[in-house]
Amino acid sequence: DTGVSQNPRHKITKRGQNVTFRCDPISEHNRLYWYRQTLGQGPEFLTYFQNEAQLEKSRLLSDRFSAERPKGSFSTLEIQRTEQGDSAMYLCASSLRQGARNTGELFFGEGSRLTVL
Amino acid sequence: AQSVTQPDIHITVSEGASLELRCNYSYGATPYLFWYVQSPGQGLQLLLKYFSGDTLVQGIKGFEAEFKRSQSSFNLRKPSVHWSDAAEYFCAVGNSASGGSYIPTFGRGTSLIVHP
């Protein structure tokens, strides 16, 4: 299957611990997005990359959050000193930008669910 | 800034009945518009999209949506709902301008409940 892959699918951690999520996008996609989804809400934008460059970050992304896409392929999202309010589903999506025009749809992974105790 | 409103948090229909889920957007020009479906514990799957052209778009699983510029709406419809359609549905808008950031914005979702 060549879809977007995320792992781990589930992570339970204690408050104050660090966690890292990984996302492998569709191989030819140059854009990669991280969204956060809490119960009863739609996905909220966190950050996105075009190739290895992080182009934009949401104000939701506090300094405890950091994302990387070192070689323009997979990406990691790290949360340091987790808090109970970080409990959510973290969704990764990828898309393809062609030429100068913004294009299309995002292809989502199945998400990584974080529970902070 | 673009935004999306899905006014219905829950919709309940009987199996076989028709369905319409509402979506209103705010954007200064003609946007890109999407409907996604999310089953419990799963990621989002694209149902259909509108970029330009024909304002009535067909999607997967028998869904369709109509872009109405005058109403800033992009409502999702299905003529006959199946029990397997029970899920969360999200409308999203993306900016169509060349250059700049491309960050699709999602509505809060509508939960579809299907009664047998």
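Residues numbered from 1 in each chain as written. Chains lettered and ligands numbered in written order. Predicted model: local features only at pLDDT ≥ 70, side-chain atom pairs only at ≥ 80, totals over all residues. Heavy atoms only, no water.

A. Looking closely at the overall build of chain B. When its secondary structure is counted, chain B shows zero helices and twelve strands. Listing each helix as α and each strand as β along chain B from the N terminus yields β-β-β-β-β-β-β-β-β-β-β-β. Against the globule reference of 13 Å for 116 residues, chain B gives a C-alpha radius of gyration of 14 Å, in line with a compact fold. Reported as C-alpha extents along the three principal axes, the dimensions of chain B are approximately 45 × 30 × 20 Å. Put simply, chain B has 116 residues, and 47% of those count as buried. A total accessible area of about 5,200 Å² is found for chain B, and carbon and sulfur atoms account for 50% of it. For chain B, the centre of its 8 positive side-chain charges and the centre of its 8 negative side-chain charges are spaced 5 Å apart. (Helix = DSSP H or I, 4+ residues; strand = E, 2+ residues; numbered from the N terminus. Rg over C-alpha atoms; globule rule 2.2 N^0.38 Å. Buried < 20%, exposed > 50% of the residue type's maximum accessible area, 1.4 Å probe, protein only. Areas by Shrake-Rupley, 256 points an atom, 1.4 Å probe, with all protein chains shown as cover. Lys, Arg positive; Asp, Glu negative; His and termini not counted. Charge placed at Lys NZ, Arg CZ, Asp CG, Glu CD.)

B. A look at the pattern of salt bridges. Under the defined criterion, the tally for this structure stands at nine salt bridges over all chains. Put simply, B:D8 and B:R22 hold a salt bridge, and the shortest N to O gap is 2.9 Å. With a gap of 14 residues between them, B:D8 in the loop between β1 (3-5) and β2 (10-14) and B:R22 in the loop between β3 (19-21) and β4 (24-26) connect regions that are remote in the sequence. Judged by relative accessible area, B:D8 falls into the buried class, the value being 17%. Judged by its relative accessible area of 39%, B:R22 is partly exposed. One salt bridge connects B:K78 with B:D85, and the closest N-O pair in it is separated by 2.8 Å. B:D85 shares its class with B:K78; the two are buried. One continuous salt-bridge network, built from bridges that share partners, spans A:R64, A:E83 and A:D86. (Salt bridge = Lys/Arg side-chain N within 4 Å of Asp/Glu carboxyl O.)

C. Broad picture of the interface of chain A and chain B. Contact with chain A, which involves 24 residues of that partner, is made by 25 residues of chain B. Across the chain A to chain B interface the summed buried area is about 2,000 Å²; carbon plus sulfur atoms make up 47%. Linking chain A with chain B are one salt bridge, by the criterion used here. Remark: the boundary between chain A and chain B carries six residue pairs in polar contact (both at pLDDT 80 or more). Residue contributions to the side of chain A that touches chain B peak at four residues, all from strand β4 (residues 31-37) of chain A. (Contact = heavy atoms within 4.5 Å. Buried area = accessible area lost by both parts, 1.4 Å probe. Polar contact = N/O pair within 3.5 Å; in protein donor to acceptor, adjacent residues only side chain to side chain.)

D. Structural view of unusual backbone geometry. Residue and element names in this part refer to chain A. That bond from N7 to P8 is cis: its omega, -5°, falls within 30 degrees of zero. Inspection of the secondary structure puts P8 in the loop between β1 (5-7) and β2 (10-13). Even without glycine at this site, N51 takes up a positive phi of about 55°. For N51, the position within the fold is in the loop between β5 (44-50) and β6 (53-57). On the basis of relative accessible area, N51 is assigned to the partly exposed category, the value being 36%.

E. Just the state of the cysteines, in detail. Tallying each qualifying case throughout the model produces two disulfides over all chains. Between A:C23 and A:C92 runs a disulfide, and the two sulfur atoms are separated by 1.8 Å. Note on the A:C23 and A:C92 pair: the S-S dihedral is about -70°, so by sign convention the disulfide is left-handed. With a gap of 69 residues between them, A:C23 in strand β3 (residues 19-24) and A:C92 in strand β9 (residues 88-95) connect regions that are remote in the sequence. For A:C23, a relative accessible area of 0% corresponds to the buried category. Here B:C23 connects covalently by a disulfide to B:C91, the sulfurs 2.0 Å from one another. Around the S-S axis, the bridge from B:C23 to B:C91 shows a dihedral of about -65° and counts as left-handed. Taken together, the positions of B:C23 in the loop between β3 and β4 and B:C91 in strand β10 (residues 87-94) put the pair 68 residues apart, joining distant regions of the chain. Judged by its relative accessible area of 0%, B:C91 falls in the buried class. (Disulfide = S-S within 2.5 Å.)

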